[in-house]
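Residues per chain, in single letters:
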Amino acid sequence: MGKYTLIGYPLGHSMSPLIHDELFRLKNRESTYNLTEISPEELADKGSFLKSLSGFNVTIPHKINVIKLIDELGESAERYNSVNCVANVDGRLIGYNTDCDGFLTATKDFPLDKRVLLIGCGGVGRMMAIEAAVHGGKVTLGIIPEAMESAKELKKEILTHKSDAVVDITLVSELDGKFDVILNASPVGMYPKTDACPVSDEIISNCTHVFDAVYNPVKTQLIQKAEKMGKTAVGGASMLVYQAVKAHEIWDGDFYSEEEINEIIKAVENKVNEGQVK
């Protein structure tokens, strides 16, 4: 029987057990998946515990520091110096970053090679910005004043991955013009402050595709407004599920149909709508 867990601190409520249990069930695998809170101070002493698992996921604040306990990094984890999925292969821990797989699959129909506006440049936003630039997009980082230094560092990092990338930095309050894609990687609009929207209606009206990494609520103000304007709009639950699907491909070589995946996305959205996720 496979043993899997999510490590992080603090964890609170997580959708991961629901998603992974369903993915195991669909392939008739008798594997268990639970949550394991590990404080930053405890992580260094958890090497033996982690090697006792078949695999595990990693969330804040361990995505970088866990690398010290890992034997080998996959290409995606090396690219971002960040790990969210680990496989135990004959006693060797191999780290991956499946956030990028989840993002790219959720936005597979988006023109990331065109004009891309990214709101927020930390955490998952860093990955989204790099992926958009690598795909040939002209990237604008929309930020608040306090994030200016982080945005400048991200621009430098993007250029190390693609030296001819076009990257602009603009305060959200000063955004104007047209974008093909809006990507929200900020917490603006997340529960409980669900009335907030990261960009103006005018900016939304001048785009064609919108992705919001926030999954609670299922339909943020950004998604609701985009849909009312007839834009292609995708919420964060899809990315959450797709990155988990990639983990099962890594762990067990399992693949899933679009129908199976869409059922799990719907289950996640239902849990959120029922108020079971805070």
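A brief structural summary. (Residues numbered from 1 in each chain as written. Predicted model: local features only at pLDDT ≥ 70, side-chain atom pairs only at ≥ 80, totals over all residues. Heavy atoms only, no water.)

## A closer look at the sheet that holds strand E3 (residues 55–58)
- Judged by pairing direction, the sheet is mixed, and its six strands sit side by side in the order E2-E1-E3-E5-E6-E4 without closing on themselves. Of all strands in the sheet, those bounded by a partner on one side alone are strand E2 (32–37) and strand E4 (72–73).
- Here two bridges tie E4 to strand E6 (residues 92–96), and the two strands are oriented parallel to one another. Following the sheet pairing, Leu73 is matched in E6 by Gly95.
- Across the sheet, helix H1 (residues 16–26) lies against strand E1 (3–8), E2 and E3, angled at about 160 degrees from E2, the strand it touches most. (Pairing = 2+ DSSP bridges. Helix = DSSP H or I, 4+ residues; strand = E, 2+ residues; numbered from the N terminus. Contact = heavy atoms within 4.5 Å. Axes fitted to C-alpha atoms, helices over the stretch in contact; angles between N-to-C directions.)

## Concerning the sheet that holds strand E10 (residues 181–184)
- Spatially, E9-E8-E7-E10-E11-E12 is the arrangement adopted by the six strands of the open sheet, whose pairing is parallel. One side of each edge strand has no neighbouring strand; the edge strands of this open sheet are strand E9 (167–171) and strand E12 (232–234). Between one strand and the next, the sheet's axes are offset by a mean angle of 15 degrees, whatever the strand orientation.
- By the bridge criterion, four bridges tie strand E7 (residues 115–119) to E10 in an arrangement that is parallel. If you follow Leu118 over to E10, its bridge partner there is Leu183.
- Lying over the sheet, helix H9 (residues 236–252) contacts strand E11 (209–212) and E12, oriented at roughly 65 degrees with respect to E11.

## Quick notes on H1
- Within the sequence span of H1, burial applies to Ser16, Pro17, Ile19, His20, Leu23 and Phe24. One side of H1 holds all its buried residues, which, seen down the axis, span an arc of 165 degrees.
- Buried residues along H1 sit against E1, E2, E3, H9 and helix H10 (258–273).
- Positioned one or two residues after H1, Asn28 has a phi angle of 55 degrees, which is positive. (Buried < 20%, exposed > 50% of the residue type's maximum accessible area, 1.4 Å probe, protein only. Arc of directions from axis to C-beta.)

## Digging into the side chain of Asp212
- Within the element layout of this structure, Asp212 appears in strand E11.
- A distance of 3.0 Å separates a polar side-chain atom of Asp212 from the backbone nitrogen of Val214.
- Excluding residues within four positions of it along the chain, Asp212 makes contact with Asn184, Thr220, Leu222, Ile223, Val234, Gly235 and Gly236. (Polar contact = N/O pair within 3.5 Å; in protein donor to acceptor, adjacent residues only side chain to side chain.)

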